[in-house]
Amino acid sequence: MPLMPARVKYRKMQRGNRAGLAMSCNSVAFGEYGLQALERCWLDTKQIEAARVAISRQMKRHGKMWIRIFPDKSFTKKPLETRMGHGKGPLESWVAVIRPAQILFEIDGVTEAEARECLRLAATKLCIRTKFISRHLKMA
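Remember, it's a predicted structure, so these values are computed and weren't measured experimentally. (Residues numbered from 1 in each chain as written. Predicted model: local features only at pLDDT ≥ 70, side-chain atom pairs only at ≥ 80, totals over all residues. Heavy atoms only, no water.)

A. Broad picture of the nonpolar core. Core analysis: the largest hydrophobic core is formed by 24 residues, its most contacted members being Ile98, Leu104, Phe105 and Ile107. Of all the secondary-structure elements, those providing two or more residues to this core are strand 1 (33-37), strand 2 (41-44), helix 1 (45-59), strand 5 (91-98), strand 6 (103-108) and helix 2 (112-124). Here the element with the most residues in this core is helix 2; it accounts for five residues. Ignoring any residue separated from it by four or fewer positions in sequence, one finds Leu104 in contact with Leu35, Ala37, Leu43, Trp66, Ile67, Arg68, Ile69, Ile98, Leu126, Ile128 and Thr130. (Core = buried A, V, L, I, M, F, W, Y, C linked by side-chain atoms within 4.5 Å. Buried < 20%, exposed > 50% of the residue type's maximum accessible area, 1.4 Å probe, protein only. Helix = DSSP H or I, 4+ residues; strand = E, 2+ residues; numbered from the N terminus. Contact = heavy atoms within 4.5 Å.)

B. Quick peek at the pattern of salt bridges. On inspection of all chains with the given rule, the structure shows five salt bridges. Here Glu49 makes a salt bridge to Arg52, at a shortest N to O gap of 2.7 Å. Here Glu49 and its partner Arg52 are both found in helix 1, three residues apart, which amounts to about one turn of the helix. Owing to a relative accessible area of 32%, Glu49 belongs among the partly exposed residues under this scheme. The salt bridge partner of Arg120 is Glu117, with a shortest N-O separation of 2.7 Å. (Salt bridge = Lys/Arg side-chain N within 4 Å of Asp/Glu carboxyl O.)

C. Broad picture of the sheet that holds strand 4 (residues 73-76). Ordered in space as 2-5-4, the three strands form an open sheet in which the pairing is antiparallel. Each edge of the open sheet is held by one strand with a lone partner, namely strand 2 and strand 4. Averaged over all pairs of adjacent strands, the angle between strand axes in this sheet comes to 50°, irrespective of strand direction. Bridging between strand 4 and strand 5 involves four bridges; their strand directions are antiparallel. Opposite Lys73, over in strand 5, you have Val95 as the bridge partner. (Pairing = 2+ DSSP bridges. Axes fitted to C-alpha atoms, helices over the stretch in contact; angles between N-to-C directions.)

Shown next as structure tokens:
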């Protein structure tokens, strides 16, 4: 079952504005380690699900994972080789609007080496550059 809202007031949404940094969800709040976005994009439901599967397979049921993003924005697409006009196209998919500094996934209950590997595998499934961050910065 793909991630999507249970119900929305209006099916087709406007494109919106992706400028600026993430004002909320920009620090590790639940787990010990997190994956932070460095670029802006629309993450599709399939990309989020692929990253989730990669993390859960690597963790082998140890620890806990939090998905901090949800695809609550719909986007439409017209068929190929369609002439102009005839209204807005049909619904294509659901996306999560990602801004720089937003936390995408968090994990806890595993070692830092395991967490790095889990989040590295998840980052390969995403279309943006990401950064591994920890809740507690180590003092050197």
